[in-house]
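A structural walkthrough
The residues making up each chain are set out below.
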Amino acid sequence: IGVRELGATATGWPAELVRTGMAPFASAVAVVGAMTLHLALLIISSRYYHDATRSGNRLSPRYFRRNALASSAILLCILAGALSGAGGLSNTSVVFGALWLVEKYVELHLHEGWHGWTLVFLLSLTMYRASLWLHDHPAFVVGVFEFEA
């Protein structure tokens, strides 16, 4: 018994109605679910999240476990989206992967005490290059709204 058949059995609706009736929402569920998951993991993997540092500049083992969880979830969602044809899931995970990398660089930059304007310049330059890439690859944005089941 598949998940769709189980859902049809639980609701009492025919399996075909569940299969065709829920199809328009597949992309939205994949994107919003991935956004919720990755946003939560992005927050808890931050150096500035509660209990990331025990004393002084030492990072707790929880910090490393949370970062391992966040990075592995991002990679698994990219893989799951690519294998299942859910471009929205894959593309959303790629975006949050980039945000996670930027967050880790910002944490390093601030921890080392490097100049703040250098950080602003580098982030602006990165966003400029990302906007040029997205302009050249509109299929990446369109892929968020497509789902092939």
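In the block above lies the structure referred to throughout.
Quick look at the structure, then. (Residues numbered from 1 in each chain as written. Predicted model: local features only at pLDDT ≥ 70, side-chain atom pairs only at ≥ 80, totals over all residues. Heavy atoms only, no water.)

Section: the overall build of the protein chain
Inclusion rule: Secondary structure elements follow DSSP: runs of H or I no shorter than four residues count as helices, runs of E no shorter than two count as strands, and numbering proceeds from the N terminus. Partly exposed describes any residue whose relative accessible area lies between the buried limit of under 20% and the exposed limit of over 50%, with all areas from a 1.4 Å probe on protein chains only and scaled to the type maximum. Residue burial considers only the protein chains on display, and all accessible areas are found by Shrake-Rupley using a 1.4 Å probe.
When helices and strands are counted, the protein chain shows seven helices and zero strands. Secondary structure elements in the protein chain, listed N-terminal to C-terminal, are α-α-α-α-α-α-α. Counting every position in the protein chain, which comprises 149 residues, the buried fraction comes to 28%. With an accessible surface of roughly 10000 Å², the protein chain has 71% of that area assigned to carbon and sulfur atoms.

Considering the nonpolar core
Put simply, the test is: What makes a nonpolar core is a set of buried Ala, Val, Leu, Ile, Met, Phe, Trp, Tyr and Cys residues whose side-chain atoms join them at distances within 4.5 Å. Residue contacts are defined here by distance: any two heavy atoms, one from each residue, within 4.5 Å place the two residues in contact.
Leu-41, Leu-42, Ala-70, Ala-73, Ile-74, Phe-96 and Trp-100 form the largest nonpolar core, which has seven residues in total. Mapped onto this core, the elements with two or more residues apiece are helix 3 (26-44), helix 4 (61-84) and helix 5 (87-112). Per element, the largest residue contribution to this core is three residues, and it comes from helix 4. Other than its neighbours up to four places away in sequence, Ala-70 contacts Leu-41, Ser-45 and Trp-100. By size, the runner-up hydrophobic cluster in this structure holds five residues, among which are Ala-30, Cys-77, Ala-86 and Leu-89.

Some thoughts on the packing of aromatic side chains
Filter applied, for reference: Here a Phe, Tyr or Trp ring, Trp counted by its six-membered ring, pairs with any other such ring whose centre lies within 6.5 Å, and the pair is stacked when the planes are under 30 degrees apart, edge-to-face when over 60, and tilted otherwise.
Scanning the model with the defined rule gives two aromatic pairs in all. A ring pair is formed by Tyr-63 and Phe-64, whose centres lie 5.4 Å apart and whose planes are at 75°; its orientation type is edge-to-face. Given a relative accessible area of 8%, Tyr-63 falls into the buried group. Between Trp-133 and Phe-140, the ring centres sit 5.5 Å apart and the planes meet at 75°, which makes this aromatic pair edge-to-face. The exposure class of Trp-133 is partly exposed, given its relative accessible area of 42%.

Brief notes about the pattern of salt bridges
We apply this condition: Any carboxyl oxygen of Asp or Glu that lies within 4 Å of a side-chain nitrogen of Lys or Arg is treated as forming a salt bridge with it.
Across all of its chains, the model carries one salt bridge by this definition. In this structure, Glu-107 engages Lys-104 in a salt bridge whose closest nitrogen and oxygen atoms are separated by 3.1 Å. Remark: Lys-104 and Glu-107 occur in helix 5; sequence separation between them is three residues, near one turn of the helix. For Glu-107, a relative accessible area of 5% corresponds to the buried category. For Lys-104, a relative accessible area of 17% gives the class buried.

A closer look at helix 4
Each full turn of the α-helix corresponds to 3.6 residues, which orients residues three or four apart in the same direction. Defined as follows: Helix span, expected: 1.5 Å multiplied by one less than the number of residues in the helix.
Over its 24 residues, helix 4 runs 34 Å from end to end, which matches the ideal 34 Å to within 8%, given 1.5 Å per residue. Listed as buried for helix 4 are Tyr-63, Arg-66, Asn-67, Ala-70, Ala-73, Ile-74, Cys-77 and Gly-81.

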